Amino acid sequence: MSRAKDIYMYVLGGLISVGFFFVLVLLIYKPMPADNRDIFYLIVGALISFEGVIINYFFGSSRGSAEKSEIIKNL
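A quick note: this is a predicted structure, and the numbers were derived from the prediction, not measured.

Considering the side chain of Glu51
And then number 1: When you line up the elements, Glu51 lands in helix α2 (residues 37-59).
And then number 2: Only 3.1 Å separates the side chain of Glu51 from the side chain of Ser17, close enough to count as a polar contact.
And then number 3: Non-local contacts of Glu51, meaning those with residues more than four positions away in its chain, are made with Ile16, Ser17 and Phe20.

Dropping the structure here:
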């Protein structure tokens, strides 16, 4: 079960990261209608926060804590 959970976690993190950079490329190269600008900036803000959470989990203490808990459970 843990391996399947890890795979889903990596896939979801990868999809959010790809979506984040895709939206940034759109922001740079495509002109945006003024009517959609506020909604688009809201989406960009949400993706930035999701990206921060992903980076904090995989490179912060949360990942190490999860691995420690898994090791203790297996003992």
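A look at a nonpolar patch on the surface
And then number 1: A grouping of Val25, Leu27, Ile28, Tyr29 and Tyr41 is seen on the molecular surface, where their side chains present a nonpolar patch of about 550 Å² in accessible area.
And then number 2: For the nonpolar patch, the element with the most residues is helix α1 (residues 2-29), which contributes 4 residues.
And then number 3: Mapped onto the secondary structure, Tyr41 falls in helix α2.
And then number 4: With a relative accessible area of 43%, Tyr41 lands in the partly exposed category.

Considerations on the packing of aromatic side chains
Two numbers describe a pair of aromatic rings. These are the distance of the centres and the angle of the planes.
And then number 1: Under the counting rule described, the total for this entry stands at 2 aromatic pairs.
And then number 2: Between Phe20 and Phe21, the aromatic rings sit 5.1 Å apart at their centres with planes inclined by 70 degrees, giving edge-to-face as the arrangement.
And then number 3: Given a relative accessible area of 48%, Phe21 falls into the partly exposed group.

Overview of the nonpolar core
And then number 1: One finds Ile16, Phe20, Val23, Met32, Phe40, Val44, Leu47 and Ile54 forming the largest nonpolar core, which totals 8 residues.
And then number 2: For this core, the elements supplying multiple residues, two or more each, are α1 and α2.
And then number 3: With 4 residues, the single largest contributor to this core is α2.
And then number 4: Excluding anything up to four places from it in sequence, Leu47 contacts Ile16, Gly19, Phe20 and Val23.

Things to note about the environment of Val11
And then number 1: Structurally, the position occupied by Val11 is in helix α1.
And then number 2: Residue Val11 is classed as partly exposed on the basis of its relative accessible area, which comes to 46%.
And then number 3: Considering only alpha carbons, one finds Val11 and Asn74, 63 residues apart in sequence, at a separation of 25 Å.

Thresholds applied
- Within every chain, residues take consecutive numbers counted from 1 along the sequence as written.
- Local features in this predicted model are restricted to residues whose pLDDT is 70 or higher, and side-chain atom pairs enter the listing and the counts only when it is 80 or higher, whereas totals over whole chains, interfaces and linings include all residues.
- Only hydrogens and water are set aside when side-chain values are computed; all heavy atoms of the structure are taken into account.
- Comment: elements are numbered from the N terminus, with helices defined as DSSP H or I runs of at least four residues and strands as E runs of at least two.
- Think of a polar contact as two N or O atoms within 3.5 Å of one another; within protein, one of them needs to be a possible hydrogen donor and the other a possible acceptor, and neighboring residues in sequence only count if both atoms come from side chains.
- Should any heavy atoms of two residues lie within 4.5 Å, those residues are counted as being in contact.
- Each patch is built from salt-bridge-free residues with over 30% relative accessible area, joining like charges within 9 Å and nonpolar side chains (Val, Leu, Ile, Met, Phe, Trp, Tyr) within 5 Å.
- Per-residue accessibility takes into account occlusion by the displayed protein chains alone, with areas from the Shrake-Rupley method and a 1.4 Å probe.
- Any Lys or Arg side-chain nitrogen found within 4 Å of a carboxyl oxygen on Asp or Glu counts as a salt bridge.
- Between buried and exposed lies partly exposed: a residue is buried under 20% and exposed over 50% of the maximum accessible area for its type, with that area taken using a 1.4 Å probe on protein chains only.
- Stacked, tilted and edge-to-face pairs are distinguished by plane angle, under 30 degrees for stacked and over 60 for edge-to-face with tilted covering the rest, among Phe, Tyr and Trp rings (Trp via its six-membered ring) whose centres lie within 6.5 Å.
- What makes a nonpolar core is a set of buried Ala, Val, Leu, Ile, Met, Phe, Trp, Tyr and Cys residues whose side-chain atoms join them at distances within 4.5 Å.

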